[in-house]
Amino acid sequence: MTAQISDKVIYNNDNYVLIGKNASGLFTPYRFGIMPKMLSTACYRGYHCAYELKDDAMYLQELHIYDPTDQYPTINGVAAEPIVDKVFSFCEDINNPEWKEVTRRERRYSDLKMPIQCTGKMRIAKDFIQDLYIHMGFQKASAFEHVLDITLFKGKIANVRDRSAEMKTKRGQFKSAYESGDFRKTVDDAFSLDMDLE
């Protein structure tokens, strides 16, 4: 299994990653009839986004996505751009190791400027500590130097709370649990964006 590509969040002109959420209204491709499939082992859900929090509002700015039916409708007036096709080798059955090649025709939507009516809380982080990397799922809050919880109401910023000092006291706890825990629970926790997992 592989560490997953996180959604990006630009806040105060700085680059963060989305590492937790307890919110509704974030972008979903299904609303546009796109049925994403695994883009790569680093993107099982088939898409990743870049959001921007600007002027106290939230916008979707960029989307990378793969739909095997090649159906990419216009989103917020923006057409999908082709990205170089990626060819992957994989084995469907471990008991019958026959390697196959598959092409992923990833597409990108740029400069979307699409308002996002998100309500709830998002956790964003920057300055990842490489020694705390886990090779599965999403990286957790205790593995970053700077962590913010942002509360939104209908896409507007209602509150920002700096959690960096608190996460410093928990530094490395998730990685320790990940390396010594029950495998099934470890996998579920690693792939979760539950904000209680730090």
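See the structure shown above.
Residues numbered from 1 in each chain as written. Predicted model: local features only at pLDDT ≥ 70, side-chain atom pairs only at ≥ 80, totals over all residues. Heavy atoms only, no water.

Side note on the overall build of the protein
- Counting its regular elements, the protein contains 3 helices and 12 strands.
- Looking at the protein as a whole, 45% of its 198 residues qualify as buried.
- Taking as baseline every contact in the protein between residues at least 6 positions apart, the subset at least 24 positions apart corresponds to 68%.
- Accessible surface, the protein: about 11000 Å² in total, of which carbon and sulfur atoms supply 48%. (Helix = DSSP H or I, 4+ residues; strand = E, 2+ residues; numbered from the N terminus. Buried < 20%, exposed > 50% of the residue type's maximum accessible area, 1.4 Å probe, protein only. Contact = heavy atoms within 4.5 Å. Areas by Shrake-Rupley, 256 points an atom, 1.4 Å probe, with all protein chains shown as cover.)

Here's the deal with the pattern of salt bridges
- Going through the model one piece at a time under the given rule, you end up with 10 salt bridges.
- For Lys113, the salt bridge identified is with Asp111, shortest N-O distance 3.6 Å.
- In this structure, the salt-bridge partner of Glu166 is Arg161, at a minimum N-O distance of 3.7 Å.
- Among the residues examined, Glu166 registers a relative accessible area of 28% and is labelled partly exposed.
- Residue Arg161 is classed as partly exposed on the basis of its relative accessible area, which comes to 44%.
- Within the structure, one salt-bridge network assembled from shared partners comprises Arg123, Asp149, Arg161, Arg163, Glu166 and Lys170. (Salt bridge = Lys/Arg side-chain N within 4 Å of Asp/Glu carboxyl O.)

Structural notes on the nonpolar core
- Grouped together as the largest cluster of nonpolar side chains are 32 residues, with contacts concentrated most on Phe27, Tyr51, Leu53, Met58, Leu63, Tyr109 and Ile124.
- Looking at this core, the elements with two or more residues in it are strand 1 (8-11), strand 2 (14-24), strand 3 (47-54), strand 4 (57-65), strand 10 (119-128) and strand 11 (144-153).
- With residues near it in sequence (within four places) discarded, Leu53 still touches Val9, Ile10, Tyr11, Asn12, Met58, Met122, Ile150, Leu152 and Ile157.
- Grouped together as the second largest cluster of nonpolar side chains are 9 residues, Ile19, Ala125, Ala143 and Val147 included. (Core = buried A, V, L, I, M, F, W, Y, C linked by side-chain atoms within 4.5 Å.)

As for the pairing of strand 3
- Summarising burial for strand 3: 7 of the 8 residues are buried, a large majority.
- Inspection of the sheet shows strand 1 paired to strand 3 by 4 bridges, in the parallel sense. Note that in strand 3 the partner of Ile10 across the bridge is Glu52.
- As paired elements, strand 3 and strand 4 share 8 bridges and run antiparallel to each other. Within strand 4, the residue paired with Leu53 across the bridge is Met58.
- Where strand 3 folds back onto strand 4 in an antiparallel hairpin, the turn is made up of 2 residues, including Asp55, whose phi is positive at roughly 55 degrees. (Pairing = 2+ DSSP bridges.)

Quick notes on the environment of Asp7
- Of note, Asp7 is situated in the segment before strand 1.
- It is 5.4 Å that separates the C-alpha atoms of Asp7 and His48, two residues lying 41 residues apart in sequence.
- Residues in contact with Asp7, not counting those within four places in the same chain, are Tyr16, Val17, Leu18, Arg45, His48, Cys49 and Tyr51.
- A distance of 2.4 Å separates the side chain of Asp7 from the side chain of Arg45, its partner in a polar contact.
- A distance of 2.8 Å separates a polar side-chain atom of Asp7 from the backbone nitrogen of Cys49. (Polar contact = N/O pair within 3.5 Å; in protein donor to acceptor, adjacent residues only side chain to side chain.)

Quick look at the side chain of His64
- Locating His64 in the fold gives a position in strand 4.
- Reaching out from His64, the side chain makes a polar contact with the side chain of Glu106 at a distance of 2.9 Å.

Observations concerning the state of the cysteines
- In the structure shown here, the tally under the stated rule is 0 disulfides.
- Among the cysteines around Cys43, which has no disulfide bond, Cys49 carries the closest sulfur, lying 9.2 Å off. (Disulfide = S-S within 2.5 Å.)

Let's talk about unusual backbone geometry
- Unlike most non-glycine residues, Asp70 shows phi in positive territory, near 60 degrees.
- By the element assignment, Asp70 lies in the loop between strand 4 and strand 5 (81-82).
- Despite not being glycine, Lys154 has its phi angle at roughly 50 degrees, a positive value.

Some thoughts on the pairing of strand 11
- Alignment of strand 10 against strand 11, held across 8 bridges, turns out to be antiparallel. The residue of strand 11 that forms the bridge with Lys121 is Thr151.
- Of the pairings in the sheet, the one linking strand 11 to strand 12 (residues 156-162) comprises 6 bridges and is antiparallel in character. Counted as the bridge partner of Leu148 is Asp162 from strand 12.
- The antiparallel pairing of strand 11 with strand 12 creates a hairpin that spans 2 residues between the two strands, and Lys154 there sits at a positive phi of about 50 degrees.

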